[in-house]
Amino acid sequence: MLFHVRMDVRIPHDVPAETAARLKAEEKARFQELQRSGKWRHIWRVVGEYANYSIFDVDSNAELHDLLLSLPLFPYMQIQVQALCRHPSSLHDDDR
Ligand SMILES: O=C(O)CC1=CCC(=O)O1
């Protein structure tokens, strides 16, 4: 199942810089683990914003939910999720 996810990161100013840096490093490591597994298929930066658009490929709504909750920056993110399915005009069989 494919999902389009927007993540807006909002780390409060009173979070110490070292804590923010550690969380960002942990987020990167978790992201790369999930990218290698094929579950986090794509990520793009939204130009001019501390935000990304991502595509996830997971087995269920519950798996995506658990995965998002597992992200180190989750407490500081606003997340919007849209479920996707294959467009009938697509030439690509892997768009599902
Ligand atoms: O920088 C972001 O948009 C948040 C994030 C997601 C994966 C990652 O490495 O950073």
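Residues numbered from 1 in each chain as written. Predicted model: local features only at pLDDT ≥ 70, side-chain atom pairs only at ≥ 80, totals over all residues. Heavy atoms only, no water.

### A word on the packing of aromatic side chains
Taken as a whole, this structure holds two aromatic pairs when the rule is applied. Where Phe31 meets Trp40, the ring centres are 4.7 Å apart and the plane angle is 85 degrees; that geometry is what we call edge-to-face. Pair check on accessibility: Phe31 and Trp40 agree, each one buried. Ring plane angle 35 degrees and centroid distance 4.6 Å describe the contact between Trp40 and Phe56, whose orientation is recorded as tilted. Of this pair, Trp40 sits in strand β2 (residues 40–45) while Phe56 sits in strand β3 (residues 51–57), and the two are 16 residues apart along the sequence. For Phe56, a relative accessible area of 0% puts it in the buried group. Put simply, the rings of Phe31, Trp40 and Phe56 pair up and form one aromatic cluster. (Phe/Tyr/Trp six-rings, centres within 6.5 Å; stacked < 30°, edge-to-face > 60°. Buried < 20%, exposed > 50% of the residue type's maximum accessible area, 1.4 Å probe, protein only. Helix = DSSP H or I, 4+ residues; strand = E, 2+ residues; numbered from the N terminus.)

### A few points about the nonpolar core
If you look at the biggest cluster of nonpolar residues, it comprises 16 residues, and the most contacted ones within it are Val5, Met7, Trp40, Phe56, Leu64, Leu68 and Leu71. Elements represented by at least two residues in this core include exactly β1 (2–9), α1 (17–37) and α2 (61–69). The element that contributes the greatest number of residues to this core is β1, accounting for four residues. In contact with Leu64, other than residues within four places in its own chain, are Phe3, Val5, Phe56, Val58 and Val81. (Core = buried A, V, L, I, M, F, W, Y, C linked by side-chain atoms within 4.5 Å. Contact = heavy atoms within 4.5 Å.)

### With respect to the pairing of β3
Of all the seven residues making up β3, five are buried; the element is thus mostly covered by neighbouring parts of the structure. Note: β1 against β3, seven bridges, orientation antiparallel. Along β3, the bridge assignment pairs His4 with Ile55. In this structure, the hairpin formed by β2 and β3 is closed by a connection of five residues, where Gly48 is found at a positive phi of approximately 80 degrees. (Pairing = 2+ DSSP bridges.)

### Looking at the confidence of the model for the protein
Model confidence for the protein is summarised by a mean pLDDT of 96, while 97% of its residues fall at 70 or above. Prediction confidence for the complex, expressed as pTM and ipTM, is 0.93 and 0.97 respectively. (pLDDT = per-residue confidence, 0-100.)

### Digging into the site of the ligand
In the neighbourhood of the ligand, the contacting residues comprise Val9, Glu27, Lys28, Phe31, Trp40, Ile43, Arg45, Tyr50 and Asn52. Arg45 is positioned with one of its side-chain polar atoms (N or O) 2.7 Å from an oxygen atom of the ligand. Separating an oxygen atom of the ligand from a side-chain N or O atom of Asn52 is a distance of 2.9 Å. Summarising the interface, the protein chains cover 88% of the accessible area of the ligand, which totals 280 Å² for the free molecule. At the level of elements, α1 and β2 are the ones that each hand at least two residues to the shell around the ligand. A class-by-class count of the residues in the shell around the ligand yields five nonpolar, one polar and three charged. (Near = heavy atom within 4 Å. Polar contact = N/O pair within 3.5 Å; in protein donor to acceptor, adjacent residues only side chain to side chain. Areas by Shrake-Rupley, 256 points an atom, 1.4 Å probe, with all protein chains shown as cover. Nonpolar A, V, L, I, M, F, W, Y, C, P; charged D, E, K, R; others polar.)

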